[in-house]
Amino acid sequence: MSQPDGQNNTLDNLLSENRTFPPSPEFAAQANATAEWYEQAAADREAFWSEQAARLHWDTKWSQVLDWSDAPFAKWFVGGKLNVAYNCVDRHVESGAGDRVAIYWEGEPGDSRAITYAELQREVSKTANALAELGVGSGDRVAIYLPMLPEAVFSMLACARLGALHSVVFGGFSSEALRSRINDAEAKVVITCDGQYRRGKPMPLKANVDEAVTATPSVQHVLVVQRTGEDVAWNSGLDAWWHDVVDRQSTRHTPEAFDSEHPLYILYTSGTTGKPKGILHTSGGYLTQAAYTHSAVFDLKPESDVYWCTADIGWVTGHTYIVYGPLANGASQVIYEGTPNTPDEGRHWDIVQKYGVSLYYTAPTTIRTFMKWGADIPAQYDLSSLRVLGSVGEPINPEAWMWYREHIGGGTAPIVDTWWQTETGAIMISPLPGVTEAKPGSAQTPLPGISVAVVDENGDEVGAGGGGLLVLDKPWPAMLRGIWGDDERFRETYWSKFADKGFYFAGDGAKYDEDGDLWLLGRVDDVMNVSGHRISTTEVESALVSHDTVAEAAVVGASDATTGQGIVAFVILRGGTDDAASGDTAIAALREHVAREIGPIAKPRQIMVVGELPKTRSGKIMRRLLRDVAENREIGDVSTLADSSVMDQISAGLKTGS
Ligand code: 6R9
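From a predicted model like this one, the values you see are computed outputs, not experimental measurements.

For the rest of this paragraph, the subject is the UniProt feature "modified residue: N6-acetyllysine" (unreviewed entry) in the chain. Feature annotation in UniProt assigns "modified residue: N6-acetyllysine" (unreviewed entry) to the following positions: Lys620. The topology assignment puts Lys620 in the loop between strand S30 (606-609) and helix H19 (623-630). Here Lys620 falls in the partly exposed class, since its relative accessible area comes to 43%. Non-local contacts of Lys620, meaning those with residues more than four positions away in its chain, are made with Gly393, Pro614 and Lys615.

What follows is the structure, encoded as structure tokens:
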């Protein structure tokens, strides 16, 4: 398969992946999605999306499906009016599902709460009344800085109900990060809590808000949920307890219908420059695609399934696949407050068993952590309720895919590897369970209604077997409507690279295999160029992880005087691996292994054995920092690391030669 220019060597080891898993006839017979959807959507995209929008309750029907005349600013379901919170809550109560549990909330210390749709309606109504009393109205911004508490969901839906925009800031972000986000959005109210449980201990949270709001002129109120009961400093000019303000409100609130393009939320995400981008999402199109994808990709049966997405509500996955998609579909879902190893490494499986979770959605990094802990842990639990497994956030290597299917999915549950971004708002590329013949490591196919292309630098399609840049060549309902307050940056970041073609540039590399299935190669800045050969970091990582001594691997391209870039790998060895394995022999064996898996060109120049990898709070490996180590530079900004001491450990380990 090797091409003379080396461009198409990229994923040869992954592309030689020839295991396929056809859907079982039983699953296919009951699946929500059908193969015909691809044809229907291709024949008339707008008619297809119109049908999907009919999943929702509209107070006024739209007059036009898509207005793309002001591209890249899209308008979907033009003239339609709806209330997003009504769609996620009230209509289920009105249709007789009020007694269905919406949220099985599981606290880290073991406390729990089951919230029905009827109760959710009361809680969201009270919260909306409280926010209105604090002066929040349509178009205002509310910052939400909360861990995984039911109040986070109530707050988001209360904003949606009032037509106010929420800006959820992940509870792990610093006060400085919170402040810059509050100021960028000019939020009027901040919702937080006293503290949160992390690894069995109460950790303060409000103190960060106290520090942030010393320089946030827009903030008029801070609403504080009591979770841990720890002492907090009190700013009487701003602060109010949730239980004082929300609890006394009426449980009734009449939702108002807003325009389909009414803004729903801002969510900040990092870009190539330091300043985070406030990604703006709106109402009708976003909710349509959230509901459609959640139903089709997870095969949700609202009456019988128990769904669990392990993401934090502070990330887009939490927005679309904890709040808006599942609740629009009337799902029963688990929300878990804590870490997967509290009180022990079986916590997730204990929760699956306790609630009979049937649809489970997590990230490859979590799956690899479970692999590191060992298959004997999930084996102690009854996981037979699981029937669909999802993956999101980064490419899933075939090794982790196989482990997930085997040890979590009982060797039968279909895996959906879902590619999407904060900017896309909802899943774009994924197998459909019951329809797609699955292939470990490949996200495979754009969903019905979604159109993508893999192009070269000139924007020309590369075709089957070719690698290049992933673009979205047609607008989609949940697409971002801009960057808050910065139209220029919106055009520049996503639309300027292929301006003449009108493509959205996703920033990811991708490749089609010979069957026409898509393989995501990671961010384009993660693709290395070694002696003119393009090699993806994912490809080498995948090869390393396929060796049975390796638990996790991160690979970076470090500048090299001879080859342009050299491959430097950081590996965590599996628990139980002999210490001697970190010695020269084991490293030599690993280099040989990669050479065997991919080819001599992909042999890492250097392999460093480490105890941990630097990860962001959303679990993404920060290769930039590893590149600093690999290039002997001073290590850059570590403020977005989940654990900022990891880089010190890595540097110290390298100095002592361990
Ligand atoms: C939902 C989310 C987006 C970036 C995206 C890509 C990577 C996400 C992936 C995947 C390969 C998948 N990514 N899902 N890569 N396969 N299934 O993660 O949003 O935090 O904005 O990140 O994540 O590189 O461009 P976000």
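After that view of the structure, there is still more to cover.
To continue, consider the site of the ligand. Close contacts around the ligand come from 16 residues, with Asp417, Thr418, Thr422, Asp508 and Arg523 the closest. Gly393 is positioned such that a nitrogen or oxygen atom in its backbone is 3.1 Å from a nitrogen atom of the ligand. Sorting the residues of the shell around the ligand by element identifies helix H12 (316-328), strand S20 (415-418) and strand S25 (518-523) as the ones contributing at least two each. A class-by-class count of the residues in the shell around the ligand yields six nonpolar, five polar and five charged.

A separate point is the pattern of salt bridges. Under the counting rule described, the total for this entry stands at 30 salt bridges. Two residues, Arg623 and Glu541, come together in a salt bridge whose shortest N-O distance is 2.7 Å. Taken together, the positions of Arg623 in helix H19 and Glu541 in helix H17 (residues 537-545) put the pair 82 residues apart, joining distant regions of the chain. Here the two residues Arg623 and Glu541 agree in accessibility, since each one is buried. Of the charged contacts, one joins Asp628 and Arg633 as a salt bridge, the two residues approaching to 2.8 Å between their closest N and O atoms. With a relative accessible area of 7%, Asp628 lands in the buried category. Counted as one network, the salt bridges with shared partners bring together Arg113, Glu119, Glu123 and Lys126.

Before going further, it helps to spend a moment on the sheet that holds strand S19 (residues 388-392). In spatial order, the strands read S5-S4-S17-S16-S18-S19-S20; together these seven strands make up an open sheet with mixed pairing. Strands with a single pairing partner mark the edges of an open sheet, and in this sheet they are strand S5 (112-116) and S20. Recorded for the sheet is a direction-independent mean angle of 20° between the axes of neighbouring strands. Across the sheet, helix H7 (residues 150-162) lies against strand S4 (101-106), S5 and strand S17 (332-336), angled at about 30° from S5, the strand it touches most.

Rules used in this analysis
- Residues numbered from 1 in each chain as written.
- Predicted model: local features only at pLDDT ≥ 70, side-chain atom pairs only at ≥ 80, totals over all residues.
- Heavy atoms only, no water.
- UniProt positions renumbered as here; feature names shortened; annotations may be inferred.
- Helix = DSSP H or I, 4+ residues; strand = E, 2+ residues; numbered from the N terminus.
- Buried < 20%, exposed > 50% of the residue type's maximum accessible area, 1.4 Å probe, protein only.
- Contact = heavy atoms within 4.5 Å.
- Near = heavy atom within 4 Å.
- Polar contact = N/O pair within 3.5 Å; in protein donor to acceptor, adjacent residues only side chain to side chain.
- Nonpolar A, V, L, I, M, F, W, Y, C, P; charged D, E, K, R; others polar.
- Salt bridge = Lys/Arg side-chain N within 4 Å of Asp/Glu carboxyl O.
- Pairing = 2+ DSSP bridges.
- Axes fitted to C-alpha atoms, helices over the stretch in contact; angles between N-to-C directions.

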